[in-house]
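# Geometric and topological summary
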Amino acid sequence: SQELEQSPQSLIVQEGKNLTINCTSSKTLYGLYWYKQKYGEGLIFLMMLQKGGEEKSHEKITAKLDEKKQQSSLHITASQPSHAGIYLCGADMGNFGNEKLTFGTGTRLTIIP
Amino acid sequence: KAGVTQTPRYLIKTRGQQVTLSCSPISGHRSVSWYQQTPGQGLQFLFEYFSETQRNKGNFPGRFSGRQFSNSRSEMNVSTLELGDSALYLCASRGASTEAFFGQGTRLTVV
């Protein structure tokens, strides 16, 4: 089984709607990183969360890490076509620093007009 | 500031051959990590180098190896290629207390 579970696996959202992607672990995370990937390309860094209860926002994207540091959510407000892609959560599972990340299976986001 | 550069972008090899992929990190970054991405297994950690030393290693067979040079550029090598080695190989570079920046990847196809 995956150490890091991401849900949903895919999401089709109408442009302008809000959406949430979740990332869950059975272990305490030392750091949680959100990335976006266009198909077949590299990962673009979105946000890094390290403290329990931490919340960060950038433009229309907000990421939160729960108090127990086992679950994170990524929320997009008023989605746009530019938000389409694959969203990946990556976690430091053993205090390695972010040199060694364990990734979730990804969420494929499609935005329809 | 230039990003992480991976070469080549695409590669086609035959089973049994070996292949070398290259990664040039962001200037000043000393840590380089390698990942394999496949549709079935997702993104999996291969190994990480820091100052020419391998610090972390994932669960891959010995056919997968790497090295890092004094200028922090890194190479990974896969010997005796198998069909299952077809994947997108990504490298990430990291400086002191920063997030990991990923390259565009090398798409390897083994036929």
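Worth saying up front: this structure is predicted, and the values here are computed from it rather than measured. For every chain, the first residue of its written sequence is number 1, and the numbers climb from 1 along that sequence. The order in which chains are written sets their letters, starting at A; the order in which ligands are written sets their numbers, starting at 1. Only residues with pLDDT of 70 or above have their local features reported here, since the model is predicted, and side-chain atom pairs are shown and tallied only from 80 upward, although totals for entire chains, interfaces and linings are computed over all residues. Each side-chain value is worked out from all heavy atoms of the structure, with water and hydrogens disregarded.

### Brief notes about the environment of Gly105(B)
Residue and element names in this part refer to chain B. Within the element layout of this structure, Gly105 appears in the loop between strand S10 (101-102) and strand S11 (106-110). Distance in space between the C-alpha atoms of Gly105 and Gln37 is 9.6 Å, their sequence separation being 68 residues. Contacts are assigned to residue pairs with any non-hydrogen atoms lying within 4.5 Å of each other. Beyond its immediate stretch of four places on either side in the chain, Gly105 contacts Gln6, Pro8, Arg9, Leu88, Tyr89 and Leu90. Helix and strand definitions here come from DSSP, where helices need a minimum of 4 consecutive H or I residues and strands a minimum of 2 consecutive E residues; each element is numbered from the N-terminal end.

### A short note on the layout of surface pockets
Where empty space is left becomes clear once a probe the size of a water molecule has been rolled over the atoms. Put simply, the largest pocket is a space of about 520 Å³. As for the largest pocket, its lining consists of 22 residues, of which Ile86(A), Arg108(A), Gln37(B), Thr38(B) and Pro39(B) are closest to the centre. Of all the secondary structure elements, the ones that give two or more residues to the lining of the largest pocket are strand S9 (85-92) and strand S11 (107-112) of chain A together with strand S4 (31-38) and strand S5 (42-50) of chain B. Following the grouping adopted for this structure description, the nonpolar residues are Ala, Val, Leu, Ile, Met, Phe, Trp, Tyr, Cys and Pro, the charged ones are Asp, Glu, Lys and Arg, and the polar ones are all others, Gly among them. For the lining of the largest pocket, a count of residues per class yields 6 nonpolar, 13 polar and 3 charged. Here a cavity means grid points, on a 1 Å grid over the protein atoms only, where a 1.4 Å probe fits yet cannot get out; a pocket means an open set of points with protein on both sides within 12 Å along at least five of seven lines; lining residues are those with an atom within 4 Å of a point. Grid points are joined across faces, edges and corners, and a volume is the space filled by probe spheres set on the points. Taken as a whole, the second largest pocket encloses approximately 390 Å³ of empty space. Lining the second largest pocket are 22 residues; nearest its centre among them are Glu3(A), Thr102(A), Leu43(B), Gln44(B) and Phe45(B). Put simply, the parts of the chain that give the lining of the second largest pocket at least two residues each are S9 and strand S10 (102-103) of chain A together with S5 of chain B. Examining the composition of the lining of the second largest pocket, we find that 4 residues originate from one element, S5(B), more than from any other. Tallied by class, residues from the lining of the second largest pocket come to 8 nonpolar, 10 polar and 4 charged.

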